[in-house]
Amino acid sequence: MIIVLTVSLSLNTAFTLIEDSHYNYDDYLNQIAEVVDKDDRVLANLNADYYFKDGSLFDYRNLAYLEESNLSFSDYIVKNKIEYIIYPEEMDFIYQTRPTWNILYGNLYPYYSEMQKFIENKSRLVKTFNNSTYAIRIVREIDKKDWTVKIYKVNSQVYTEAAQKAD
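Here the structure is a predicted model, which means the values were calculated and not measured. (Residues numbered from 1 in each chain as written. Predicted model: local features only at pLDDT ≥ 70, side-chain atom pairs only at ≥ 80, totals over all residues. Heavy atoms only, no water.)

Visitor: I'd like a rundown of the packing of aromatic side chains, residues and numbers included.
Guide: By the definition in use, this model includes 11 aromatic pairs. Measuring from centroid to centroid gives 5.4 Å for Phe73 and Phe118, while their planes differ by 70°, and the two rings are edge-to-face. Pair noted here: Phe73 is in helix H2 (residues 73-79) and Phe118 is in helix H5 (residues 109-122), with a separation of 45 residues, a long-range link. Across the pair, Phe118 and Phe73 agree in class, each one buried. One aromatic cluster is present, built from ring pairs that chain together Tyr25, Tyr28, Tyr50, Phe129 and Tyr134. (Phe/Tyr/Trp six-rings, centres within 6.5 Å; stacked < 30°, edge-to-face > 60°. Helix = DSSP H or I, 4+ residues; strand = E, 2+ residues; numbered from the N terminus. Buried < 20%, exposed > 50% of the residue type's maximum accessible area, 1.4 Å probe, protein only.)

The following block contains the structure:
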């Protein structure tokens, strides 16, 4: 009897988690799809990759190599022709609790301030939404709150300025 009860509860729990997680992921991608096309070039978490066409998503993990590549955050955006920044609240949490979560994206310290200034001055907010599961990759923080995702459109003047610098 105990075995049957344990198996039943385990199956019910697994089904509920899978169903909730699937819904949450679909909702996460649908929220992105409201303002960003599949072939737009984005800076985002790798967990959004299933929505985008190959070559459209640039992962936050790549930013750990900016210094070694002799690039600023702005240079990286321009070089890769990134049109949108899908910014999860997770980035702020990781920065505020550094170095605890540096394993996820490398050390954010070298580029975090510049990234914040770029977002504030060279992009515009086009959408904000919450997702308790996919807006953060830190398992123990999932479902602790409704984590925020902000989607920013990079201003086209960024590319004009870069072209003028190159001349």
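After that view, the rundown keeps rolling.
Visitor: Can you break down the pattern of salt bridges residue by residue, with the values?
Guide: Pairs can form between side chains of opposite charge whenever their charged atoms are close. Throughout the structure, instances matching the rule amount to four salt bridges. A salt bridge links Lys144 to Glu141; the shortest N-O distance between them is 3.8 Å. On the accessibility criterion, Glu141 (12% relative accessible area) is buried. (Salt bridge = Lys/Arg side-chain N within 4 Å of Asp/Glu carboxyl O.)

Visitor: Quick rundown of the confidence of the model for the protein? Include the residues and the values.
Guide: A residue-level look at the protein finds 84% of positions with pLDDT of 70 or above and a mean pLDDT of 87. Considering each helix and strand of the protein separately, the mean pLDDT is smallest for helix H6 (residues 157-166), with a value of 67, and largest for strand E1 (residues 42-44), with 98. (pLDDT = per-residue confidence, 0-100.)

Visitor: A description of the pairing of strand E5 (residues 148-154) should follow, citing residues and the corresponding values.
Guide: Extensive coverage of E5 is indicated by the burial of five of its seven residues. Where strand E3 (residues 84-88) and E5 come together, five bridges link them in antiparallel fashion. When the bridges of E5 are listed, Ile86 appears paired with Ile151. In this sheet, E5 lies alongside strand E4 (residues 123-130) in antiparallel orientation, the contact comprising seven bridges. Looking at E5, one finds that Thr128 is bridged to Lys150. (Pairing = 2+ DSSP bridges.)

Visitor: Lay out the sheet that holds strand E2 (residues 57-59) in plain terms, naming residues and giving numbers.
Guide: Spatially, five strands are ordered E2-E1-E3-E5-E4 in an open sheet, and the strand pairing comes out mixed. Strands with a single pairing partner mark the edges of an open sheet, and in this sheet they are E2 and E4. For this sheet, the mean inter-axis angle between neighbouring strands, taken without regard to orientation, is 20°. Examined bridge by bridge, E1 and E3 share two bridges and lie parallel to one another. Along E3, the bridge assignment pairs Val42 with Tyr84. Where H5 meets the sheet, its contacts fall on E3, E4 and E5, and the angle it forms with E3 comes to roughly 125°. (Axes fitted to C-alpha atoms, helices over the stretch in contact; angles between N-to-C directions. Contact = heavy atoms within 4.5 Å.)

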